[in-house]
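Below, each chain spelled out in residue letters.
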Number of protein chains: 2
Amino acid sequence: MDHEARAQAFENALRRAGIRITRQRAALLRVLALAEDHPDANQLFHRATKAGAGVSLATVYRTLSALEAQGVILKVEFEGEPARFEPADGKHHDHMIDVDSGEVTEFVSERIEKLQAEIAAELGYEIVRHRLELYVRKKP
Amino acid sequence: MDHEARAQAFENALRRAGIRITRQRAALLRVLALAEDHPDANQLFHRATKAGAGVSLATVYRTLSALEAQGVILKVEFEGEPARFEPADGKHHDHMIDVDSGEVTEFVSERIEKLQAEIAAELGYEIVRHRLELYVRKKP
DNA sequence: ATATATGCAAATTATTTGCAGTCAA
DNA sequence: TTGACTGCAAATAATTTGCATATAT
């Protein structure tokens, strides 16, 4: 799925939910579809601005909330940083953060997921969502 | 270890680090030693105040930072809430949060810890710290 | 046409900080 | 004695919101 297709998919998801695609939102969807990293609201605001879209920071926040509510994007909050956002297509994953470089790597572990479910089940719970972050450093 | 002994242990750790035990800090250490839950700065402020200690919120924050820097307490940040604090004696554990009641349960999984280390190692990393939270709901 | 979205500026929340005075060691 | 600590009030940082206006459907 290329960027344009991805942006289009986001747009469709919103339209389906009855959410209006304004010029500002279209621009943000495009910026989000292009993001390979995990940008925060302010970075998205700057990227959209640079791309020529006249968007205010307040609208960025409001749009991100709407997109998150529709399950189109995910909010991730790392320690001591403003919230970041990532497209929610692709499969579930967790994050590994290099504490020296700041680099973020995504990873999946079926086994960890399963263990988590087991631990919750033992106490009579089912998992609604979870958050797993590994703060790491390159080995010497 | 009873509460008083725990408070004493905290105090010793601070003294060892050359940190002065003021009336305010002593009071906060006592409140922290008593905490069975995971209170935030504001709750600690109220508990200390109720206990008759004249402490300001600014001092609560400054003291918590000092205690955290000394490894005496840990800061835990759950989604959408102010930071909470817990005594750092006892062994490492992760948290399970009941999304309906807010109840927090601590748990440990050697197997998950090990899998995390393996995943990091595969990419040439070692884990500095990690954060794992399960947001759960009672099964029907 | 009209409900929904936008921009701006002001409000909120959690936390931090400068400074002048206070106190533990 | 004196450098570390405290309280207060003001500053920050990230995010949210009220309101008058603009716009997508």
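Residues numbered from 1 in each chain as written. Chains lettered and ligands numbered in written order. Predicted model: local features only at pLDDT ≥ 70, side-chain atom pairs only at ≥ 80, totals over all residues. Heavy atoms only, no water.

A. Local environment of the relation of the copies chain A and chain B. Between chain A and chain B, which share one sequence, the superposing operator has a rotation angle of 180 degrees and an axial displacement of 0.0 Å; the RMSD is 0.0 Å. Expressed as a symmetry operation, the mapping of one chain copy onto the other fits a two-fold axis. No C-alpha of chain A approaches the rotation axis more nearly than that of Leu132 of chain A, which lies at 2.2 Å. Most of the interface of chain A is mirrored in chain B, where 100% of its interface residues are also at the interface. (Least-squares fit on C-alpha atoms with pLDDT ≥ 70 in both. Contact = heavy atoms within 4.5 Å.)

B. The protein's contact with DNA strand C, seen in detail. Every one of the 19 residues lining DNA strand C counts as a neighbour, but Gln24, Ser56, Thr59 and Arg62 of chain A together with Tyr61 of chain B are closest to it. Among the atoms of DNA strand C close to the protein, meaning within 4 Å, 71% are from sugar or phosphate groups. One of the backbone nitrogen or oxygen atoms of Gly54 of chain A is found 2.8 Å away from a phosphate oxygen of DNA strand C. Contacts to DNA strand C include Arg62 of chain A, whose side-chain N or O atom sits 2.8 Å from a base nitrogen. (Near = heavy atom within 4 Å. Polar contact = N/O pair within 3.5 Å; in protein donor to acceptor, adjacent residues only side chain to side chain.)

C. Region of interest: the interface of chain A and chain B. The interface is formed by 35 residues belonging to chain A together with 35 residues belonging to chain B. Across the interface of chain A and chain B, roughly 3500 Å² is buried in total on both sides, 59% from carbon and sulfur atoms. Connecting chain A to chain B are four salt bridges. Summed over the shared surface of chain A and chain B, the result is 14 residue pairs in polar contact (both at pLDDT 80 or more). Of all the secondary-structure elements, those providing two or more residues to the side of chain A that touches chain B are β3 (94-98), β4 (104-107), α5 (110-122) and β5 (125-138) of chain A. (Buried area = accessible area lost by both parts, 1.4 Å probe. Salt bridge = Lys/Arg side-chain N within 4 Å of Asp/Glu carboxyl O. Helix = DSSP H or I, 4+ residues; strand = E, 2+ residues; numbered from the N terminus.)

D. Main features of the side chain of Asp94 of chain B. All names here are of chain B. Position of Asp94 relative to the elements: it lies in strand β3 (residues 94-98). Salt bridges are absent for the buried Asp94, whose nearest opposite-charge side chain, Arg131, sits at 9.1 Å. When sequence neighbours within four positions are dropped, the list of residues in contact with Asp94 reads Thr105, Glu106, Phe107, Glu113, His130 and Leu132. (Buried < 20%, exposed > 50% of the residue type's maximum accessible area, 1.4 Å probe, protein only. Lys, Arg positive; Asp, Glu negative; His and termini not counted.)

E. Molecular detail of the side chain of His95 of chain A. Residues and elements named next belong to chain A. You can see His95 is positioned in strand β3. For His95, the side chain forms a polar contact with the side chain of His93, separated by 3.4 Å. His95 has contacts with His38, Val76, Phe78, Glu86, Val104, Thr105, Glu106, Phe107, Leu132, Glu133 and Leu134, leaving out every residue within four places of it along the chain.

F. Broad picture of the sheet that holds β5 of chain A. The strand order across the open sheet built from six strands is β4(A)-β3(A)-β5(A)-β5(B)-β3(B)-β4(B), with neighbouring strands paired in mixed fashion. Sheet topology places β4 of chain A together with β4 (104-107) of chain B at the edges, where each strand pairs with a single neighbour. Taken over all neighbouring pairs, the strand axes of this sheet differ in orientation by 20 degrees on average, direction set aside. In the sheet, β3 of chain A pairs with β4 of chain A via four bridges, with the strands oriented antiparallel. Each bridged residue has a counterpart across the sheet, and for Met96 of chain A the counterpart in β4 of chain A is Thr105 of chain A. In this fold α5 of chain A packs onto β3 and β5 of chain A together with β3, β4 and β5 (125-138) of chain B, with an angle of close to 135 degrees to the strand it touches most, β5 of chain A. Where helix α5 (residues 110-122) of chain B meets the sheet, its contacts fall on β3, β4 and β5 of chain A together with β3 and β5 of chain B, and the angle it forms with β5 of chain B comes to roughly 135 degrees. (Pairing = 2+ DSSP bridges. Axes fitted to C-alpha atoms, helices over the stretch in contact; angles between N-to-C directions.)

G. View of a negative patch on the surface. Together, Glu68 and Glu77 of chain A together with Glu68 and Glu77 of chain B make up a region of like negative charge exposed at the surface. Mapping Glu68 of chain B onto the fold places it in helix α4 (residues 57-69). (Patch = residues over 30% accessible without salt bridge, like charges linked within 9 Å, V, L, I, M, F, W, Y side chains within 5 Å. Areas by Shrake-Rupley, 256 points an atom, 1.4 Å probe, with all protein chains shown as cover. Charge placed at Lys NZ, Arg CZ, Asp CG, Glu CD.)

H. Local environment of the domain arrangement of chain A. All names here are of chain A. Its domain assignment divides chain A into domain 1 (3-87) and domain 2 (94-136). On a C-alpha basis, the centres of domain 1 and domain 2 stand 24 Å from each other. Each partner contributes residues to the interface: domain 1 has seven residues there, and domain 2 has seven residues. Summing both partners gives a buried area of about 590 Å² for domain 1 against domain 2, and 54% of it is carried by carbon and sulfur. Linking domain 1 to domain 2 there are zero salt bridges. The interface formed by domain 1 and domain 2 holds three residue pairs in polar contact (both at pLDDT 80 or more) in total. A per-class count over the side of domain 1 that touches domain 2 returns two nonpolar, one polar and four charged. (Domains from an automatic or database assignment. Nonpolar A, V, L, I, M, F, W, Y, C, P; charged D, E, K, R; others polar.)

I. Representation of the protein's contact with DNA strand D. Neighbouring DNA strand D are 20 residues, the closest being Tyr61 of chain A together with Arg20, Arg25, Ser56 and Thr59 of chain B. Near the protein, meaning within 4 Å, the atoms of DNA strand D are sugar or phosphate in a fraction of 69%, with bases accounting for the rest. A distance of 2.7 Å is found between a phosphate oxygen of DNA strand D and a side-chain nitrogen or oxygen belonging to Thr22 of chain B. Arg62 of chain B is positioned with one of its side-chain polar atoms (N or O) 2.8 Å from a base nitrogen of DNA strand D. Of all the secondary structure elements, the ones that give two or more residues to the surface near DNA strand D are α4 (57-69) of chain A together with α2 (23-34) and α4 of chain B. Among the residues forming the surface near DNA strand D, the class breakdown is eight nonpolar, six polar and six charged.

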